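The residues making up each chain are set out below.
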Amino acid sequence: GENVEQHPSTLSVQEGDSAVIKCTYSDSASNYFPWYKQELGKGPQLIIDIRSNVGEKKDQRIAVTLNKTAKHFSLHITETQPEDSAVYFCAASISGGGFKTIFGAGTRLFVKA
Amino acid sequence: NAGVTQTPKFRILKIGQSMTLQCTQDMNHNYMYWYRQDPGMGLKLIYYSVGAGITDKGEVPNGYNVSRSTTEDFPLRLELAAPSQTSVYFCASSYVGQGDQPQHFGDGTRLSIL
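Okay, so let's go over this structure. (Residues numbered from 1 in each chain as written. Chains lettered and ligands numbered in written order. Predicted model: local features only at pLDDT ≥ 70, side-chain atom pairs only at ≥ 80, totals over all residues. Heavy atoms only, no water.)

1. Remarks on the environment of B:Ile46
Then, in step 1: Relative to the assigned elements, B:Ile46 resides in strand E5 (residues 43–51).
Then, in step 2: Between the C-alpha atoms of B:Ile46 and B:Gly58, which are twelve residues apart in sequence, the distance is 4.7 Å. (Helix = DSSP H or I, 4+ residues; strand = E, 2+ residues; numbered from the N terminus.)

Structural data, given as structure tokens:
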């Protein structure tokens, strides 16, 4: 069935460094790719998303890239800060089928001050 | 806008007991979802609803039931609690129309079955 693989499961960086999280999806019909941040004791919150008609999207220190041919997409966080420490989830879904959203297993990011 | 509200935040049940996890949203979203999140794992879809009166099974529906009598509310029912249902449960909602929109999550219900 459909699957989203996410790597790494844990990532530790020094404050100010960049962090990259990578995801691979299996269903070629997927065309919407959101990224969520989950802080301790809270539900996941959307931080950025990308649709299949674009290859890259940027919002301040956060960017997402998408390679449809290879079926993988990545989250890039630059100039990391301690408050970026959280669990990050990627997801893939098919437009019009919200219930077909498949989540990655998550990446726990630690930013050391 | 409160977004998605879940109650209770924490609950301890004994094996065999039943309970209902409440979820309400005030964004007029048509789609609603229930997920469970086990430690170190991603989100597994339990049930979803595409509108009032319509529900369907997700990936892990066994041991749960849902109903959707209104657009706002989507309660999750555990009939005979089992230790395997110890988890954190998240309710979410989204507007699904011509293009996907992100899901909005509540802060979760942490459930322990002892």
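There's plenty left to go through after this.
2. Things to note about the packing of aromatic side chains
Then, in step 1: Applying the stated criterion across every chain, the model contains twelve aromatic pairs over all chains.
Then, in step 2: Relative to A:Phe73, the ring of A:Trp35 has its centre 5.6 Å away and its plane inclined at 70 degrees; by these criteria the two rings are edge-to-face. A residue pair is termed long-range when its members are at least 10 positions apart, and A:Trp35 in strand E4 (residues 32–38) and A:Phe73 in strand E8 (residues 72–77) qualify at 38 residues. Summarising the burial analysis for this pair, A:Trp35 and A:Phe73 share the class buried.
Then, in step 3: An aromatic cluster is defined as three or more aromatic residues linked by ring pairs; in this entry it consists of A:Tyr36, A:Phe103, B:Tyr31, B:Tyr33, B:Tyr35 and B:Phe105. (Phe/Tyr/Trp six-rings, centres within 6.5 Å; stacked < 30°, edge-to-face > 60°. Buried < 20%, exposed > 50% of the residue type's maximum accessible area, 1.4 Å probe, protein only.)

3. Regarding the nonpolar core
Then, in step 1: In this structure, A:Trp35, A:Phe73, A:Leu75 and A:Leu109 are the most contacted members of the largest nonpolar core, which totals 23 residues.
Then, in step 2: Secondary-structure elements contributing two or more residues to this core are strand E2 (10–14), strand E3 (19–25), E4, strand E5 (45–51), strand E7 (62–67), E8, strand E9 (86–94) and strand E11 (107–112) of chain A.
Then, in step 3: Among residues more than four places away in sequence, those in contact with A:Leu75 are A:Ala19, A:Val20, A:Ile21, A:Trp35, A:Ile47, A:Ile48, A:Ile62, A:Ala63 and A:Tyr88.
Then, in step 4: Core analysis: the next-biggest nonpolar cluster, separate from the first, contains 19 residues, B:Leu21, B:Phe74, B:Leu76 and B:Cys91 among them. (Core = buried A, V, L, I, M, F, W, Y, C linked by side-chain atoms within 4.5 Å. Contact = heavy atoms within 4.5 Å.)

4. Some words on the interface of chain B and chain A
A common way to report how large an interface is uses the accessible area buried once the components associate.
Then, in step 1: Taken together, the 23 residues of chain B in the interface contact 23 residues of chain A.
Then, in step 2: Of the roughly 1700 Å² buried where chain B meets chain A, counting both sides, 53% is carbon and sulfur surface.
Then, in step 3: Together, B:Asp100, B:Phe105 and B:Asp107 form the three largest contributors to the area buried by chain B at its contact with chain A, with a combined 32%.
Then, in step 4: Linking chain B with chain A are one salt bridge.
Then, in step 5: The salt bridge partner of B:Asp107 is A:Lys42, with a shortest N-O separation of 3.8 Å.
Then, in step 6: Linking chain B with chain A are four residue pairs in polar contact (both at pLDDT 80 or more).
Then, in step 7: Taken together, the elements giving at least two residues each to the side of chain B that touches chain A come down to strand E4 (31–37) and E5 of chain B. (Buried area = accessible area lost by both parts, 1.4 Å probe. Salt bridge = Lys/Arg side-chain N within 4 Å of Asp/Glu carboxyl O. Polar contact = N/O pair within 3.5 Å; in protein donor to acceptor, adjacent residues only side chain to side chain.)

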